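# Observations on the three-dimensional arrangement
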Amino acid sequence: MNVGGPCFGLFVDIYETLYCSMYYDDQVVKRSVNDSLITANLVAAGTGNSGSASNELAGPGGISVDINLDLYVTDCLNDRVQLFQPGEFNGTTVAGSKSLNRTITLKCPTGIILDAEKYLFIVDYGNDRVVGSSMNGFRCLVGCYGVGSQSNQLNRPFSFSFDCSGNIFVTDTINDRIQKFEYFEESCDNSLVVETMYSSSLTSNSSIYFQDCSELDSYYEAIQMNVSITGYYTFLINSEMKTMYAYIYTNNFNPFNVSDNVLSGSGDSGNQGQFKVTAVLQANMIYVIVMTTSPRNLTENFAIQGSGRSYVTFNRIREYL
């Protein structure tokens, strides 16, 4: 396959079609590996001009194609992941900026893997982490404690791969290393699960912040959390008005930059009055769970049921300055 520039990402689908993402040409091109004739490459996505429209890309990198030939592309300079269905040149944003169900903020994603259940795993290059989706939305998996060179940190990860046990191998470019992160399996033994309850309300006296730099302000409550045993924790959220969102932050929450330190997040997109947020929490670390609403200035009651290997200590933060 001859192309007019460097390929930042490669993928071979089940029909042995080879895909190449051309970062500097803002396109993804493809051709059959079994094509013996010298033919031109086909355009799979992008117009060749940098842009943010649904048919455009700006710095495409990682590629993943599923068994239905749906093409997923990391669109670095647009801070999003685009889905292009077979024969379609207009993509749908499935993660990051302007996605329909936005539960994660991306900054120049560069790598992507799709599992058998169509859950996405993304190298979030600019945020120095790896995130993954589940039935409860996106959550941080690797590099959730800020940029650095410690064993639980990354500095400009670029690509990654899974082994058959679910362990993740990540290229950690600035640290000049490849890091292995072992899969931590969720316990199915309910006898080991400890439950903790917390309830409160968003009122007209609650703190206010601006979501995603918009002009619409929202009430929120910040609650500090601590656990005594490292493990997988689930937070079941119940609310009355079915408009709640929950975000878990490591160390602290900055209401002036809500994308900093995000570990996990989810919302009541199904309008059921109940949803879950999951995360692996470390013992003796400080976490903050932020409860807020999507429409502006709504007040409502909510309850949090935390379950995991230890009790979760909840302490409401009265003022967050």
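Residues numbered from 1 in each chain as written. Predicted model: local features only at pLDDT ≥ 70, side-chain atom pairs only at ≥ 80, totals over all residues. Heavy atoms only, no water.

- As annotated in an unreviewed UniProt entry, the protein carries the name NHL repeat containing protein-like protein and comes from Adineta steineri.

### Observations concerning the pairing of strand β9 (residues 109-114)
- A large share of β9 lies buried, amounting to five of its six residues.
- Here five bridges tie β9 to strand β10 (residues 120-124), and the two strands are oriented antiparallel to one another. Directly across from L114, in β10, lies its bridge partner L120.
- Adjacent in sequence and paired antiparallel, β9 and β10 are bridged by five residues, among which K118 carries a positive phi angle near 65°. (Buried < 20%, exposed > 50% of the residue type's maximum accessible area, 1.4 Å probe, protein only. Helix = DSSP H or I, 4+ residues; strand = E, 2+ residues; numbered from the N terminus. Pairing = 2+ DSSP bridges.)

### Notes on unusual backbone geometry
- The phi dihedral of D26 falls on the positive side, at around 55°, and the residue is not glycine.
- With respect to the element layout, D26 can be found in the loop between β2 (17-22) and β3 (27-32).
- When its relative accessible area of 9% is taken as the criterion, D26 is described as buried.
- In this model, N284 sits at a positive phi of 65°, which is unusual for a non-glycine residue.

### Some details on the state of the cysteines
- Taken as a whole and judged by the stated rule, the model has three disulfides.
- Residue pairing for C7: its cysteine sulfur links by disulfide to C20, the two sulfurs lying 1.9 Å apart. A torsion of -105° about the S-S bond marks the disulfide between C7 and C20 as left-handed. Taken as a pair, C7 in the segment before β1 (9-12) and C20 in strand β2 lie far apart in primary sequence, 13 residues in all.
- Bridging C76 to C108, the disulfide has an S-S length of 1.8 Å. As the torsion about the S-S bond is roughly -85°, the C76-C108 disulfide counts as left-handed. Within this pair, whereas C76 is found in the loop between β6 (71-75) and β7 (80-84), its partner C108 is found in the loop between β8 (92-96) and β9, the two being separated by 32 residues in sequence.
- Disulfide connectivity for the protein, with bonded cysteines indexed by sequence position, reads 1-2, 3-4, 5-6. (Disulfide = S-S within 2.5 Å.)

### With respect to the pairing of β7
- Counting buried positions along β7 yields five of five residues, so the element is predominantly enclosed.
- Because side chains alternate across β7, one face comprises the buried residues R80, Q82 and F84, and the other comprises V81 and L83, equally buried.
- The sheet contact formed by β6 and β7 spans five bridges and is antiparallel. Across the sheet, residue Y72 finds its bridge partner in β7, namely L83.
- Where β6 hands over to β7, the hairpin turn is made up of four residues, of which D79 adopts a positive phi near 55°.
- Looking at chain direction, β7 and β8 are connected through four bridges and run antiparallel. Counterpart to L83 in the pairing with β8 is T92.

### Some words on the sheet that holds β3
- If you trace the four strands from one edge of the open sheet to the other, you get β1-β2-β3-β4, paired in antiparallel fashion. The strands lining the two open edges of the sheet, one partner per strand, are β1 and β4 (42-45). With direction set aside, neighbouring strand axes in the sheet form an average angle of 30°. (Axes fitted to C-alpha atoms, helices over the stretch in contact; angles between N-to-C directions.)

### Focus on the packing of aromatic side chains
- If you walk through the whole model with that rule in mind, you get 12 aromatic pairs.
- Ring centres of F8 and F158 lie 6.5 Å apart, and the angle between their planes is 65°; on these two criteria the pair is classed as edge-to-face. Separated by 150 residues along the polypeptide, F8 in the segment before β1 and F158 in strand β13 (residues 157-162) bring together distant segments of the chain.
- Judged by relative accessible area, F158 falls into the partly exposed class, the value being 28%.
- Measuring from centroid to centroid gives 5.2 Å for Y23 and Y24, while their planes differ by 80°, and the two rings are edge-to-face.
- The exposure class assigned to Y24 is exposed, which follows from its relative accessible area of 58%.
- Aromatic rings pair up to connect F8, Y23, Y24, Y125 and F158 into one cluster.
- The positively charged end of R156 is found above the aromatic ring belonging to Y125, 5.5 Å away from the centroid. (Phe/Tyr/Trp six-rings, centres within 6.5 Å; stacked < 30°, edge-to-face > 60°. Lys NZ or Arg CZ within 6 Å of the ring centre and 35° of its normal.)

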